[in-house]
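Topology and contacts: notes
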Amino acid sequence: MFIDDNFCCTTTLFKIKPLPLVESMMKKRSRILVIDDAHFNQVLFSKALGTEFDIQLASSGMEGLAMAEASPPDLILLDVRMPEIDGFETCRRLKAHSELQDIPIIFVTGEVDPVSEVKGLALGAVDYVHKPFKIAITTQRIRNLLERESLRKQYEAKRQKLEALIKAIPDLLFEVDRQGTYLSIWAQDETLLAHQQEVLLGRTVSEMLPTEAASICMEAIEEADLTGSCYGKRINLLVDNRPKWFELSLSKVHSNDDTLARFVVVSRDITERYEAEERILHMALHDVLTGLPNRALLSKLTEKAISTARRTLQQFALVFIDLDKFKPVNDNFGHAVGDLLLKEVALRICQAIRESDTVARIGGDEFVILVNNTQGAEDALTVAEKVRLALREPYLINGHSLMISASFGLANYPEHGKEIGELMKNADEAMYIAKEDGRDRVSTYKTAQSPHLEAYSRN
């Protein structure tokens, strides 16, 4: 017999008006499986709960197990004393079933033995209601449990979705604290890790990464700590003895206790992209035929040399080179032979200059040497003269023995110019003086009181 605070009933049942439900429950009625061998109790449950929930009835533990397995309910009301198998065994079997173990179970019984109650809860039941019970309170308990179960299912669905999303991401994911300590790691491809997970966990980036990479990581953490996120920082690591580039994206996990700040780090392998960018950059700044720096890179390097020279009071020089009578080679032997000759010229220049110097190809048969850290005009002249002699030696190209020479124009910083445009202009003019004076010689730009160009030559 059910006993309510306001209503007492024996043969007459009063319907309980349901309280408002959460929106998700209003859309779909929850299904409750009542497992009780007493027909009278089954009728009472159906009448009391049927207006709000879909009720299924089972008269024994075995029948209840079969019904639950065929169509899992949202909640189970389970009697303790039943024939065949009692409620405890029924509960044990339900919790042992992989597809039924998460269904909340409420024991509804006349047993008042605390030992039995502890046993039921230990088996996995979420509540234990004694007969006789109050309908309104029991119904509200059911509502609360179903609402919590609905939230649990929503959370589990989101967790599974997030887990699937993480598995679909090829990137490395880390959770770190403000000190850069590895707290957790997700890695679809563990071959991208510089160290095994168990080695990283509990250690800091400063302990596990090269100094430069660790410094960049800590800068990213500090930025994310201040602004909430940090994107685009790159680190270079050696993974399986191969250089790998990673791009970092960090997001701060907000917490009520800021001393426990956490950060999610996405580390993306961008090695292929980085190498492609480097190839594109190399192509933009280098001559395709010879692989030497082109005019754009030469300008950058010269600007850098000017900046360094101003700061350190050092000197440097630009040496312009124009091959003499190169056009007849193209006309007589074709452009293929001409290209091979240009590559050989580039090689000889590179072999003749110092390690600190740079050679660039700026036109068809025009080259420029950036002679760094000179102590005076003689240093650049010595380099230019060595190159001139190297270029005069015979070339054997595709069975053809070729002889060419070159004219050189030299301008020193700061004597012949303090800006890149002025230096290049004066070196170019000195080179044309060398050609006018008979080619195959080095001419240095000379400033004088007179407004016209003066130059001297060495041959």
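Below: a short report on this structure. Quick caveat, the model's predicted, so the values are computed rather than measured. (Residues numbered from 1 in each chain as written. Predicted model: local features only at pLDDT ≥ 70, side-chain atom pairs only at ≥ 80, totals over all residues. Heavy atoms only, no water.)

1. Side note on the overall build of the protein chain
Along its length, the protein chain carries 15 helices and 18 strands. In summary, the protein chain has a C-alpha radius of gyration of 43 Å against a globular reference of 23 Å for 459 residues, an excess of more than 25%. Counting only C-alpha atoms and orienting by the principal axes, one finds that the protein chain spans roughly 130 × 50 × 40 Å. Put simply, 56% of the contacts in the protein chain that link residues at least 6 apart link residues at least 24 apart. (Helix = DSSP H or I, 4+ residues; strand = E, 2+ residues; numbered from the N terminus. Rg over C-alpha atoms; globule rule 2.2 N^0.38 Å. Contact = heavy atoms within 4.5 Å.)

2. Some words on the pairing of strand E3 (residues 75-78)
Residues Leu75 and Leu77 of E3 are buried on one face, and the alternating residues Ile76 and Leu78, pointing to the opposite face, are buried as well. Where strand E1 (residues 31-35) lies against E3, four bridges are found, and the strand directions are parallel. Bridge pairing links Val34 to Leu77 in E3. Relative to strand E4 (residues 105-109), E3 runs parallel, the two being bridged by three bridges. (Buried < 20%, exposed > 50% of the residue type's maximum accessible area, 1.4 Å probe, protein only. Pairing = 2+ DSSP bridges.)

3. A look at the nonpolar core
Membership of the largest hydrophobic core comes to 33 residues, with the highest contact counts inside it found for Ile321, Ile349, Phe367 and Leu391. Filtering out sequence-adjacent residues up to four positions away, Phe367 remains in contact with Leu292, Val319, Phe320, Ile321, Leu323, Leu342, Val345, Ala346, Ile349, Val359, Ala360 and Arg361. (Core = buried A, V, L, I, M, F, W, Y, C linked by side-chain atoms within 4.5 Å.)

4. Some thoughts on the pattern of salt bridges
According to the stated counting rule, one finds 30 salt bridges in the structure shown. A salt bridge links Arg141 to Asp127; the shortest N-O distance between them is 3.7 Å. One end of the pair, Arg141, is in helix H6 (residues 135-168); the other, Asp127, is in strand E5 (residues 127-130), with 14 residues separating them in the sequence. Taking relative accessible area as the criterion, Arg141 reaches 35% and is therefore assigned partly exposed. By relative accessible area, which is 18% here, Asp127 ends up buried. In this structure, the salt-bridge partner of Lys244 is Asp269, at a minimum N-O distance of 3.4 Å. One end of the pair, Lys244, is in strand E9 (residues 242-253); the other, Asp269, is in strand E10 (residues 262-269), with 25 residues separating them in the sequence. With a relative accessible area of 29%, Asp269 lands in the partly exposed category. Within the structure, one salt-bridge network assembled from shared partners comprises Arg234, Glu247, Arg273 and Glu277. (Salt bridge = Lys/Arg side-chain N within 4 Å of Asp/Glu carboxyl O.)

5. Observations regarding the sheet that holds strand E8 (residues 229-239)
Read across the open sheet, the five strands follow the order E7-E6-E10-E9-E8; overall the sheet is antiparallel. Looking along the sheet, the strands with just one partner apiece sit at the ends: strand E7 (182-187) and E8. Within the sheet, the average angular offset between the axes of one strand and its neighbour, ignoring direction, is 25°. Of the strand pairs in this sheet, E9 and E10 are connected by eight bridges, and their pairing is antiparallel. Note that in E10 the partner of Ser249 across the bridge is Val266. Across the face of the sheet, helix H9 (residues 211-227) comes into contact with strand E6 (172-177), E8, E9 and E10 while running at roughly 165° to E8. (Axes fitted to C-alpha atoms, helices over the stretch in contact; angles between N-to-C directions.)

6. Details of the packing of aromatic side chains
Using the criterion set out here, one finds five aromatic pairs in the structure. Between Phe88 and Phe107 the ring centres are 5.4 Å apart and the planes differ by 65°, which places this aromatic pair in the edge-to-face class. You can see Phe88 sitting in helix H4 (residues 87-96) and its partner Phe107 sitting in strand E4, a full 19 residues away along the chain. Overall, Phe88 belongs to the buried group, its relative accessible area being 9%. (Phe/Tyr/Trp six-rings, centres within 6.5 Å; stacked < 30°, edge-to-face > 60°.)

7. Here we look at H6
Taking 1.5 Å per residue, 34 residues should reach 50 Å; H6 reaches 49 Å between its end C-alpha atoms and fits that length. Ile135, Thr138, Thr139, Ile142, Arg143, Leu145, Leu146, Glu149, Ser150 and Ile166 are the residues of H6 that are buried. (Expected span 1.5 Å × (residues − 1).)

8. Regarding the environment of Ala430
Here Ala430 lies in helix H15 (residues 420-436). For the pair formed by Ala430 and Ser407, sequence separation is 23 residues and the distance between their alpha carbons is 9.3 Å. Discounting chain neighbours no more than four positions away, the residues touching Ala430 are Phe408, Gly409, Leu410, Ser443, Thr444 and Tyr445.

9. Thoughts on helix H11 (residues 295-312)
What sets the pattern is the α-helix's 3.6 residues per turn: residues three or four places apart point alike. Taking 1.5 Å as the rise per residue, H11 with 18 residues should run 26 Å; its terminal C-alpha atoms sit 25 Å apart, in good agreement. Three or more residues of H11 are buried, namely Leu297, Leu298, Thr302, Ala305, Ile306 and Ala309. As for H11, its buried residues are in contact with helix H10 (271-285), strand E11 (315-324), strand E12 (358-361), strand E13 (366-374), strand E16 (405-413) and H15. With a side-chain oxygen positioned 3.2 Å from the backbone nitrogen of Ala296, the residue opening H11 is Asn294. (Polar contact = N/O pair within 3.5 Å; in protein donor to acceptor, adjacent residues only side chain to side chain.)

10. A few points about the side chain of Arg388
Within the fold, Arg388 resides in helix H14 (residues 377-392). Of the polar contacts made by the side chain of Arg388, one reaches the side chain of Glu385; its length is 2.6 Å.

11. Section: the packing of helix H3 (residues 61-70) against H4
Taken N-terminus to C-terminus, the directions of H3 and H4 make an angle of 20°; their axes are 10 Å apart at the nearest point. By the angle between their directions, the pair H3 and H4 is classed as roughly parallel. Where H3 crosses over H4, the handedness of that crossing is right-handed. Contact with H3, carried on its side by Gly61, Met62, Leu65 and Ala68, involves Thr90, Arg93 and Leu94 of H4 and no other residues of that element. When its residues are assigned to classes, the contact of H3 with H4 shows four nonpolar, two polar and one charged. (Parallel < 35°, antiparallel > 145°, perpendicular 65-115°, else oblique. Left-handed = near helix turned anticlockwise from the far one by under 90°. Nonpolar A, V, L, I, M, F, W, Y, C, P; charged D, E, K, R; others polar.)

12. So, the environment of Val264
Looking at the element boundaries, Val264 is found in strand E10. Considering only alpha carbons, one finds Val264 and Pro170, 94 residues apart in sequence, at a separation of 15 Å. Among all residues touching Val264, those that are not within four sequence positions of it are Phe174, Ser249, Leu250, Ser251 and Val253.

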